[in-house]
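Each chain, letter by letter, is given below.
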Amino acid sequence: MLAHEYAHHVQNLAGIMSAYARRPVRPKARALANNRRLELQADCLAAVFTRRVWASWEYGAEAEEALVDFSRRSGDDALKRERSHGSSKSRATWVRRGFGNASPGACNTWIAPASRIA
(Lines give C-alpha, C1' and ligand atoms only; values in the text may rest on other atoms or scores of the structure.)
Protein backbone atom coordinates (compact mmCIF):
# COMPACT_ATOMS: atom_id res chain seq x y z
CA MET A 1 0.00 0.00 0.00
CA LEU A 2 2.84 2.37 0.81
CA ALA A 3 4.41 1.76 -2.61
CA HIS A 4 1.05 2.57 -4.24
CA GLU A 5 0.87 5.92 -2.43
CA TYR A 6 4.48 6.67 -3.36
CA ALA A 7 3.55 5.88 -6.97
CA HIS A 8 1.03 8.73 -6.79
CA HIS A 9 3.95 10.98 -5.83
CA VAL A 10 5.86 9.71 -8.86
CA GLN A 11 2.80 10.43 -11.02
CA ASN A 12 2.81 13.96 -9.62
CA LEU A 13 6.51 14.48 -10.36
CA ALA A 14 6.06 13.15 -13.90
CA GLY A 15 3.17 15.54 -14.61
CA ILE A 16 0.59 12.77 -14.83
CA MET A 17 -1.48 14.18 -11.96
CA SER A 18 -1.75 17.62 -13.58
CA ALA A 19 -2.72 16.04 -16.91
CA TYR A 20 -5.30 13.94 -15.07
CA ALA A 21 -6.74 17.05 -13.43
CA ARG A 22 -7.37 18.54 -16.89
CA ARG A 23 -9.37 15.51 -18.12
CA PRO A 24 -13.17 15.76 -18.41
CA VAL A 25 -15.19 15.09 -15.26
CA ARG A 26 -18.50 14.69 -17.09
CA PRO A 27 -20.19 12.38 -17.55
CA LYS A 28 -19.50 10.64 -14.25
CA ALA A 29 -18.70 7.36 -16.03
CA ARG A 30 -15.83 9.08 -17.87
CA ALA A 31 -14.52 10.60 -14.64
CA LEU A 32 -14.57 7.19 -12.95
CA ALA A 33 -12.78 5.60 -15.93
CA ASN A 34 -10.07 8.28 -15.73
CA ASN A 35 -9.70 7.68 -12.01
CA ARG A 36 -9.35 3.93 -12.60
CA ARG A 37 -6.58 4.63 -15.13
CA LEU A 38 -4.76 6.75 -12.53
CA GLU A 39 -5.19 4.20 -9.73
CA LEU A 40 -4.30 1.16 -11.84
CA GLN A 41 -1.20 2.97 -13.06
CA ALA A 42 -0.24 3.57 -9.43
CA ASP A 43 -0.73 -0.16 -8.76
CA CYS A 44 1.53 -1.00 -11.68
CA LEU A 45 4.22 1.53 -10.71
CA ALA A 46 4.16 0.23 -7.14
CA ALA A 47 4.74 -3.27 -8.50
CA VAL A 48 7.65 -2.02 -10.63
CA PHE A 49 9.28 -0.58 -7.53
CA THR A 50 8.59 -3.73 -5.54
CA ARG A 51 10.14 -5.91 -8.26
CA ARG A 52 13.25 -3.74 -8.42
CA VAL A 53 13.93 -4.17 -4.68
CA TRP A 54 12.57 -7.73 -4.42
CA ALA A 55 15.95 -9.48 -4.32
CA SER A 56 17.12 -7.34 -1.40
CA TRP A 57 14.07 -8.45 0.58
CA GLU A 58 14.78 -12.14 -0.04
CA TYR A 59 11.15 -13.02 -0.75
CA GLY A 60 10.10 -15.90 -2.95
CA ALA A 61 7.27 -16.73 -5.31
CA GLU A 62 4.86 -17.28 -2.42
CA ALA A 63 5.23 -13.65 -1.35
CA GLU A 64 4.76 -12.49 -4.94
CA GLU A 65 1.42 -14.29 -5.08
CA ALA A 66 0.46 -12.71 -1.74
CA LEU A 67 1.16 -9.28 -3.26
CA VAL A 68 -1.11 -10.05 -6.22
CA ASP A 69 -3.76 -11.46 -3.90
CA PHE A 70 -3.69 -8.29 -1.79
CA SER A 71 -4.36 -6.19 -4.89
CA ARG A 72 -7.15 -8.57 -5.90
CA ARG A 73 -8.82 -8.22 -2.49
CA SER A 74 -8.62 -4.42 -2.88
CA GLY A 75 -10.72 -4.34 -6.04
CA ASP A 76 -13.86 -2.25 -6.27
CA ASP A 77 -15.98 -5.37 -6.61
CA ALA A 78 -14.37 -7.06 -3.60
CA LEU A 79 -14.87 -3.96 -1.45
CA LYS A 80 -18.33 -3.27 -2.88
CA ARG A 81 -17.55 0.34 -3.72
CA GLU A 82 -18.03 2.65 -6.67
CA ARG A 83 -15.89 1.68 -9.67
CA SER A 84 -13.11 4.16 -8.92
CA HIS A 85 -9.95 2.06 -8.47
CA GLY A 86 -10.43 -0.98 -10.68
CA SER A 87 -11.90 -4.43 -10.39
CA SER A 88 -10.12 -7.21 -8.57
CA LYS A 89 -9.11 -8.70 -11.90
CA SER A 90 -7.80 -5.40 -13.30
CA ARG A 91 -5.82 -4.57 -10.19
CA ALA A 92 -4.19 -8.01 -10.17
CA THR A 93 -3.46 -7.72 -13.91
CA TRP A 94 -1.70 -4.36 -13.59
CA VAL A 95 0.26 -5.49 -10.53
CA ARG A 96 1.42 -8.58 -12.42
CA ARG A 97 2.30 -6.40 -15.42
CA GLY A 98 4.44 -4.02 -13.36
CA PHE A 99 6.07 -6.80 -11.40
CA GLY A 100 6.75 -8.88 -14.50
CA ASN A 101 8.15 -6.05 -16.64
CA ALA A 102 9.94 -4.12 -13.88
CA SER A 103 9.68 -1.02 -16.06
CA PRO A 104 7.50 2.08 -15.64
CA GLY A 105 6.95 2.02 -19.40
CA ALA A 106 4.75 -1.05 -18.95
CA CYS A 107 2.32 0.98 -16.83
CA ASN A 108 0.70 3.25 -19.42
CA THR A 109 -2.93 2.73 -18.52
CA TRP A 110 -3.83 5.88 -20.49
CA ILE A 111 -3.47 4.07 -23.81
CA ALA A 112 -4.93 0.77 -22.64
CA PRO A 113 -8.34 -0.22 -24.02
CA ALA A 114 -11.31 0.31 -21.73
CA SER A 115 -11.58 -3.44 -21.18
CA ARG A 116 -8.18 -3.38 -19.41
CA ILE A 117 -9.22 -0.73 -16.90
CA ALA A 118 -12.50 -2.23 -15.71
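Visitor: Can you tell me about the overall build of the chain, naming the residues and giving the values?
Guide: The number of helices and strands found in the chain is six helices and zero strands. Starting at the N terminus, the α and β elements of the chain follow one another as α-α-α-α-α-α. Its C-alpha radius of gyration of 14 Å places the chain within 12% of the 13 Å reference for a compact globule of 118 residues. C-alpha extents for the chain along the principal axes are approximately 45 × 30 × 25 Å. Relative to its 118 residues, the chain shows a buried fraction of 39%. Restricting to contacts in the chain with at least 6 residues of sequence separation, those with at least 24 account for 64%. Of the roughly 7,000 Å² of accessible surface on the chain, a fraction of 57% belongs to carbon and sulfur atoms. Positive and negative side-chain charges of the chain, numbering 19 and 11 respectively, have mean locations separated by a distance of 11 Å.

Visitor: Please provide a residue-by-residue account of the state of the cysteines, values included.
Guide: One way to say it: the disulfide is the covalent bond shared by the sulfur atoms of two cysteines. Enumeration according to the criterion identifies one disulfide in this entry. Each sulfur in the disulfide pair Cys44 and Cys107 lies 2.1 Å from the other. On the S-S bond that ties Cys44 to Cys107, the torsion sits near -75°, and the link is left-handed. Linking Cys44 in helix α3 (residues 28-57) with Cys107 in the segment after α6 (88-101), this pair joins segments that are 63 residues apart in sequence. Across the pair, exposure class does not vary: Cys44 and Cys107 are buried alike.

Visitor: Please give an account of the nonpolar core that cites residues and values.
Guide: Within the largest apolar cluster, eleven residues are counted, these being Ala7, Ala33, Leu40, Ala42, Cys44, Leu45, Val48, Trp94, Cys107, Ala112 and Ile117. Ranked by residue count, the leading element in this core is α3, at six residues. Ala47, Trp54, Ala92 and Phe99 belong to the second largest nonpolar core, which has six residues in total.

Rules behind the numbers
- Residues numbered from 1 in each chain as written.
- Predicted model: local features only at pLDDT ≥ 70, side-chain atom pairs only at ≥ 80, totals over all residues.
- Heavy atoms only, no water.
- Helix = DSSP H or I, 4+ residues; strand = E, 2+ residues; numbered from the N terminus.
- Rg over C-alpha atoms; globule rule 2.2 N^0.38 Å.
- Buried < 20%, exposed > 50% of the residue type's maximum accessible area, 1.4 Å probe, protein only.
- Contact = heavy atoms within 4.5 Å.
- Areas by Shrake-Rupley, 256 points an atom, 1.4 Å probe, with all protein chains shown as cover.
- Lys, Arg positive; Asp, Glu negative; His and termini not counted.
- Charge placed at Lys NZ, Arg CZ, Asp CG, Glu CD.
- Disulfide = S-S within 2.5 Å.
- Core = buried A, V, L, I, M, F, W, Y, C linked by side-chain atoms within 4.5 Å.

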